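Structural overview for review
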Amino acid sequence: MQPVKYSVIIPVYNAEKTLRSCVDSVVHDSENVSEIEVILVNDGSTDHSFAICEEYSQLNNNIIAIDKPNGGVASARNEGLNIARGEYILFVDSDDRVAPGYFSAIDESGDADAVVFGMQKCGKESVEELLPINNLKDLNFDEYLIRTRDGGPCNKRFKRQIIVNAKIRFPEDLNVGEDFIFCLEYSLRCNKLCLIDRILYDYDVSAVGSLTRKFRPDYVEQALKIYEYAFDIVGASCKNDDYKSKLMNILDYNYCRTAFACAAIPIKYMDVEKLSVKDEISFITKSFSAHLPKITSVLGLPHCIMRICLKLKISFSLFVIGKLWIKWCE
């Protein structure tokens, strides 16, 4: 069997309108199609997505179609990882596209353990470009990841052997943030990070559901679970105590920031979901206060203020910042 350089894993769910465009952008970009395998994982679609997957797999021996019951994007990506043979792993979402020169640009990074490249958000009136932060290029991948909160897998290249050796998978009990946990666990096993200052991925945000755009009744539970995973992973995997404290402090800043971001949710959805904003924000404050980590130092005045507000359960502060958060995101 011929060696495979890249395994491109594409989870598919009710994507019949965009799937062909997505797969074509991947297959047609490679100068040597035999070097890649495309793994299409149909996650219980109810439209014609799997028929399209099968059609592509019959036309191209390097395209594999998998059909599974619906279990969410984490389980679909894990299914792809289970059969991937490539030296490197790439993830593409079925409503997105890769840019021309995708593979050749990534090849230029050599044998780096982790590669991060630019992406652009499409599907709105304007296009937003997101490039790697080059002034952080000398950081380890784990610190870069936590500082930038760039936890998505679709603008990154991974080494399959690192994933296999550490048995890394996307946690299937999370419906948000599972990609950040995967990337974080991977990052703690990396040495060399390479940043590519170029847009290589078109990310369609027209139908994206996030904590600020789609109401989830368990959003507080899910947010707390993400950080429980994150603190546990850093605590278990980072052997240098000083560096571990540094990462924990940055994670704590993000934890506090997430508490204030969560406060925007009941404000935004109070009419549709018939929420009591006062009661909901009080619940958020108490929940994040109860799980407030112990850290060695704060990262400046904003971090200090957020911790004090959570520690003293000052719900009004979350309400005010929540209102401002909505205005900022509009």
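Residues numbered from 1 in each chain as written. Predicted model: local features only at pLDDT ≥ 70, side-chain atom pairs only at ≥ 80, totals over all residues. Heavy atoms only, no water.

Description of the overall build of the chain
For the chain, the helix and strand inventory stands at 13 helices and nine strands. By residue count, 52% of the 330 residues in the chain fall in the buried class. Looking at the chain alone, contacts between residues at least 24 apart form 79% of all its contacts between residues at least 6 apart. (Helix = DSSP H or I, 4+ residues; strand = E, 2+ residues; numbered from the N terminus. Buried < 20%, exposed > 50% of the residue type's maximum accessible area, 1.4 Å probe, protein only. Contact = heavy atoms within 4.5 Å.)

Description of unusual backbone geometry
Excluding glycine, residues mostly carry a negative phi; peptide bonds, for their part, are mostly trans. Even without glycine at this site, Arg-149 takes up a positive phi of about 55 degrees. For Lys-313, which is not a glycine, the phi torsion comes out positive at approximately 55 degrees. Summarising the element assignment, Lys-313 is placed in the loop between helix H12 (301–311) and helix H13 (315–329). Relative accessible area serves as the criterion here: at 44%, Lys-313 is assigned to the partly exposed category.

Here's the deal with helix H7 (residues 178–187)
Across the ten residues of H7, nine count as buried, placing the element largely inside the fold. All of the buried residues along H7 are Glu-178, Phe-180, Ile-181, Phe-182, Cys-183, Leu-184, Glu-185, Tyr-186 and Ser-187.

Section: the packing of aromatic side chains
Under the definition given, this model contains 14 aromatic pairs. With a centroid separation of 5.4 Å and an interplanar angle of 50 degrees, the aromatic rings of Tyr-6 and Phe-103 are classed as tilted. Of this pair, Tyr-6 sits in strand S1 (residues 6–12) while Phe-103 sits in helix H4 (residues 102–107), and the two are 97 residues apart along the sequence. The residues Tyr-6 and Phe-103 share a single accessibility class, namely buried. (Phe/Tyr/Trp six-rings, centres within 6.5 Å; stacked < 30°, edge-to-face > 60°.)

Points about the side chain of Gln-120
Its place among the elements puts Gln-120 in strand S6 (residues 114–122). By relative accessible area, Gln-120 is classed as buried at 18%.

Overview of the pairing of S6
Looking along a regular strand, one sees the side chains alternate between the two faces of the sheet. Across the nine residues that make up S6, a large majority, eight, are buried. Of the pairings in the sheet, the one linking S6 to strand S9 (residues 193–204) comprises nine bridges and is parallel in character. Note on S9: the bridge partner recorded for Val-116 is Leu-195. Here S6 pairs with strand S7 (residues 128–130) via three bridges, running antiparallel. Opposite Lys-121, over in S7, you have Glu-128 as the bridge partner. (Pairing = 2+ DSSP bridges.)

Points about the pattern of salt bridges
For the structure on display, the rule yields 14 salt bridges. Of the charged contacts in the structure, one is a salt bridge between Arg-20 and Glu-55, with a shortest N-O distance of 2.9 Å. With a gap of 35 residues between them, Arg-20 in helix H1 (residues 19–27) and Glu-55 in helix H2 (residues 49–59) connect regions that are remote in the sequence. The class for Arg-20 is partly exposed, based on a relative accessible area of 35%. Assessed through its relative accessible area of 33%, Glu-55 is described here as partly exposed. Where salt bridges share partners, they join Arg-77, Asp-93 and Glu-178 into one cluster. (Salt bridge = Lys/Arg side-chain N within 4 Å of Asp/Glu carboxyl O.)

Section: the packing of helix H5 (residues 141–148) against H7
Contact geometry of H5 with H7 gives a least axis separation of 8 Å together with a crossing angle of 150 degrees. By the criterion of interaxial angle, the relationship of H5 to H7 is roughly antiparallel. Regarding H5 and H7, the two cross each other, and that crossing is left-handed. Contact residues: H5 offers Phe-141, Asp-142, Leu-145 and Ile-146, while H7 offers Phe-180, Cys-183, Leu-184, Tyr-186 and Ser-187. Class assignment for the residues of the contact of H5 with H7 results in seven nonpolar, one polar and one charged. (Axes fitted to C-alpha atoms, helices over the stretch in contact; angles between N-to-C directions. Parallel < 35°, antiparallel > 145°, perpendicular 65-115°, else oblique. Left-handed = near helix turned anticlockwise from the far one by under 90°. Nonpolar A, V, L, I, M, F, W, Y, C, P; charged D, E, K, R; others polar.)

Honestly, it's all geometry; don't read function into it.
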